[in-house]
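Breakdown of the fold
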Amino acid sequence: MQGQLAFDGIPERLTRVTPAKLTTWSSCPRRYRFNYVDRPRPARGPAMAHTTLGAVLHNALRALYELSPGQRTPSRGRELVNRYWQSEGFAGTEQSAEYRARAGDWLADYVERHGASAEPVGVEKWVSATTGTIIVQGRVDRIDHRDGELVVVDYKAGRHTPRVGDARDSLALALYALATRNVLHGRCRRVELHHLRTSEVVTWRHTADSLAEHRERAERLAHESGAAAEAVEAGEDPDRMFPARPGARCAACEFRRHCPEGKRAVPEIEPWALLGE
Ligand code: SF4
C-alpha cells in the first residue's frame, strides 16, 4: 500500500527520519550513534576523494538541469565539472587533475545519452510524507515526468555499477517514491539509479505491495533506533544499545578513529583508495 498519509488516528508522537538515517542504523548502530545521537558529534576522519568526486558530479548535474534542454550539451557538462571541482582527499594535484578530466568525460557522455531528453520537475528537491508513525523526508537528486508518471532518479558515482536489485532493494528510493507522490500529487512507482561513470541506468517499478514493505521496514528501523536512543537517555550503556557492526565498510567509515571494533576489523586505507579505475 502506498505511504498512507495518516490523519485518521494521528499517533501522539511522529518520528522524523531521513532515508540516510535509517540506512545508517540498519548497517551499523554505532555509526548511527556517532552521527545522530552523540553531541557534540565526534570528529570525522579526513575527506575521502571518492566522496568529493560524488559531490562534484552531483553539483554539476544540479546546475546542468537548471538549464533549458537546448543548453544541456556535453561541453557544458565538462565546463560544470570544472566549475565545481574540488580536490579534498586526492593524493595530489596530478591525481586530482586526472580525475577532473575523467569526471568531465563521464558527464559529457551522460549528457550525450540522457541530458537533453529528461524533463525534470524537481532537482535536488526536498520531499516528505507522513506514514502511520514516521515523517520521512529527504532530498531527491532528480524527479522526472515521463510517460505520464513521476520518476525518482538517484545518481551513483562509485566504482560499483548498480544492478536492478540495487534499485529494487533500496529503502531510500522507495521512500523517495512515497514522498514524491505525496508532494507532487502524481503517480510515482518507478525508481532509477543512474551510474555516472558508465551512463548506465537501472530501473525498478514498485508495486503497492513493495512500497508498503519498504514503508513498514522504515517504520521498524525508526522504532528500533528511537528506542535505543531513549534507553541511553534513561541510563543504559550506549555501547550496548548501539553495537558496532564491523565489516569491510569500516575502512571508509568517517568515525573509525573512535571505534576500536572497526579499527580491528580492517586496516586503514588512504583517502583516495576507493576512487577505482
Ligand atoms: S568503524 Fe565500522 S563498526 Fe565502527 S562505527 Fe564505523 S562502520 Fe561501525
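Rules and cut-offs
- Residues numbered from 1 in each chain as written.
- Predicted model: local features only at pLDDT ≥ 70, side-chain atom pairs only at ≥ 80, totals over all residues.
- Heavy atoms only, no water.
- Helix = DSSP H or I, 4+ residues; strand = E, 2+ residues; numbered from the N terminus.
- Rg over C-alpha atoms; globule rule 2.2 N^0.38 Å.
- Buried < 20%, exposed > 50% of the residue type's maximum accessible area, 1.4 Å probe, protein only.
- Contact = heavy atoms within 4.5 Å.
- Lys, Arg positive; Asp, Glu negative; His and termini not counted.
- Charge placed at Lys NZ, Arg CZ, Asp CG, Glu CD.
- Axes fitted to C-alpha atoms, helices over the stretch in contact; angles between N-to-C directions.
- Parallel < 35°, antiparallel > 145°, perpendicular 65-115°, else oblique.
- Nonpolar A, V, L, I, M, F, W, Y, C, P; charged D, E, K, R; others polar.
- Expected span 1.5 Å × (residues − 1).
- UniProt positions renumbered as here; feature names shortened; annotations may be inferred.
- Near = heavy atom within 4 Å.
- pLDDT = per-residue confidence, 0-100.
- Phe/Tyr/Trp six-rings, centres within 6.5 Å; stacked < 30°, edge-to-face > 60°.
- Lys NZ or Arg CZ within 6 Å of the ring centre and 35° of its normal.
- Core = buried A, V, L, I, M, F, W, Y, C linked by side-chain atoms within 4.5 Å.

Let us look at the overall build of the protein chain. Secondary structure summary: the protein chain contains 10 helices and 6 strands in total. Relative to the globule expectation of 19 Å for 277 residues, the C-alpha radius of gyration of the protein chain, 20 Å, shows essentially globular dimensions. Referenced to the eigenvectors of the C-alpha coordinate spread, the extents of the protein chain come out at roughly 55 × 50 × 30 Å. Of all 277 residues assigned to the protein chain, the portion counted as buried reaches 45%. Within the protein chain, counting contacts between residues at least 6 apart in sequence, those at least 24 apart form 70% of the total. Placing the 41 positive and 37 negative side-chain charges of the protein chain at their respective mean positions leaves the two points 1 Å apart.

Orientation of helix α1 (residues 19–27) relative to helix α2 (residues 29–37), taken along the N-to-C sense of each, is 140 degrees, at an axis distance of 5 Å. Considering their axes alone, α1 and α2 lie oblique with respect to each other. Where α1 approaches α2, its residues Ala20, Lys21, Thr24, Trp25 and Ser27 are matched on the opposing element by Pro29, Arg31, Tyr32 and Tyr36. Partitioned by chemical class, the residues of the contact of α1 with α2 number 5 nonpolar, 2 polar and 2 charged.

All right, on to helix α8 (residues 208–233) then. Between its terminal C-alpha atoms α8 stretches 37 Å, which fits the 38 Å expected from 26 residues at 1.5 Å a residue. By the burial criterion, the buried members of α8 are Ser210, Leu211, Ala212, His214, Arg215, Ala218, Glu219, Leu221, Ala222, Ser225, Ala228 and Ala231. Count one or two residues on from α8 and you reach Gly235, which has phi positive near 110 degrees.

Sequence positions flagged by UniProt for "domain: PD-(D/E)XK endonuclease-like" (unreviewed entry) are, in local numbering, residues 16–260. The annotated region residues 16–260 carries 49% helix and 19% strand content, and the separation between its end C-alpha atoms amounts to 30 Å.

With that settled, the discussion passes to the site of the ligand. All residues in the neighbourhood of the ligand are listed as Cys28, Arg30, Arg31, Ala244, Arg245, Pro246, Arg249, Cys250, Cys253, Arg256, Cys259 and Gly262. A per-class count over the shell around the ligand returns 6 nonpolar, 1 polar and 5 charged.

Turning our attention to the confidence of the model for the protein chain. Residues of the protein chain with pLDDT of at least 70 account for 96%, and the chain-wide mean is 94. Below a pLDDT of 50 lies the segment residues 1–9, which in the model reaches 24 contacts outside its immediate sequence neighbourhood of four places, other chains included.

A few words on helix α3 (residues 49–64). In this model, α3 (16 residues) spans 22 Å end to end at C-alpha, consistent with the 22 Å of a helix rising 1.5 Å per residue. Turning to α3, its buried residues are Ala49, Thr52, Leu53, Gly54, Val56, Leu57, His58, Ala60, Leu61, Ala63 and Leu64. Buried residues along α3 sit in contact with α4 (74–84), α5 (93–115), β2 (120–130), β3 (134–146) and β4 (149–156).

Right, let's get into the packing of α1 against α8. As a packed pair, α1 and α8 sit with axes 10 Å apart at the nearest point and diverge in direction by 70 degrees. Comparing their axes, α8 and α1 come out roughly perpendicular. Between α1, through Leu22, Trp25 and Ser26, and α8, the contact on the second element is made entirely by Arg217, Ala218, Leu221, Ala222, Glu224, Ser225 and Ala228. Taken together, the residues of the contact of α1 with α8 break down into 6 nonpolar, 2 polar and 2 charged.

The geometry of an aromatic ring pair is captured by two quantities: the separation of the ring centres and the angle between the planes. Within this structure, the stated rule accounts for 8 aromatic pairs. With 5.1 Å between their ring centres and 50 degrees between their planes, Tyr32 and Tyr36 make a pair best called tilted. Of this pair, Tyr32 and Tyr36 both sit in helix α2, 4 residues apart, which is roughly one turn of that helix. For Tyr36, a relative accessible area of 27% puts it in the partly exposed group. Considering the side-chain rings of Phe90 and Tyr99, the 6.0 Å spacing of their centres and the 40 degrees angle between planes classify their relative orientation as tilted. Note on Tyr99: relative accessible area 5%, which makes it buried. Lying over the aromatic face of Trp204, Arg168 brings its terminal NZ or CZ to 6.0 Å of the ring centre.

Formed by 32 residues in total, the largest nonpolar core has its most connected members in Leu22, Val152, Leu173, Leu175 and Tyr176. Ignoring any residue separated from it by four or fewer positions in sequence, one finds Tyr176 in contact with Pro19, Val127, Gly138, Arg139, Val140 and Val152. Counting residues in hydrophobic clusters, the runner-up holds 26 residues, among them Tyr99, Ala103, Tyr110 and Tyr155.

Residues apart from glycine generally show negative phi values, whereas peptide bonds are mostly found in trans. The omega torsion across Arg39 and Pro40 is 0 degrees, close enough to zero to call that bond cis. Structurally, the position occupied by Pro40 is in the loop between α2 and α3. A positive phi angle, near 55 degrees, is found at His185, a position not held by glycine. Among the structural elements, His185 can be located in the loop between α7 (171–184) and β5 (190–195). Classification of His185 by relative accessible area gives exposed; the value is 69%. Of note, Ser199 is a non-glycine position whose phi angle comes to about 60 degrees, a positive value. With respect to the helices, strands and loops of the structure, Ser199 is situated in the loop between β5 and β6 (200–205).

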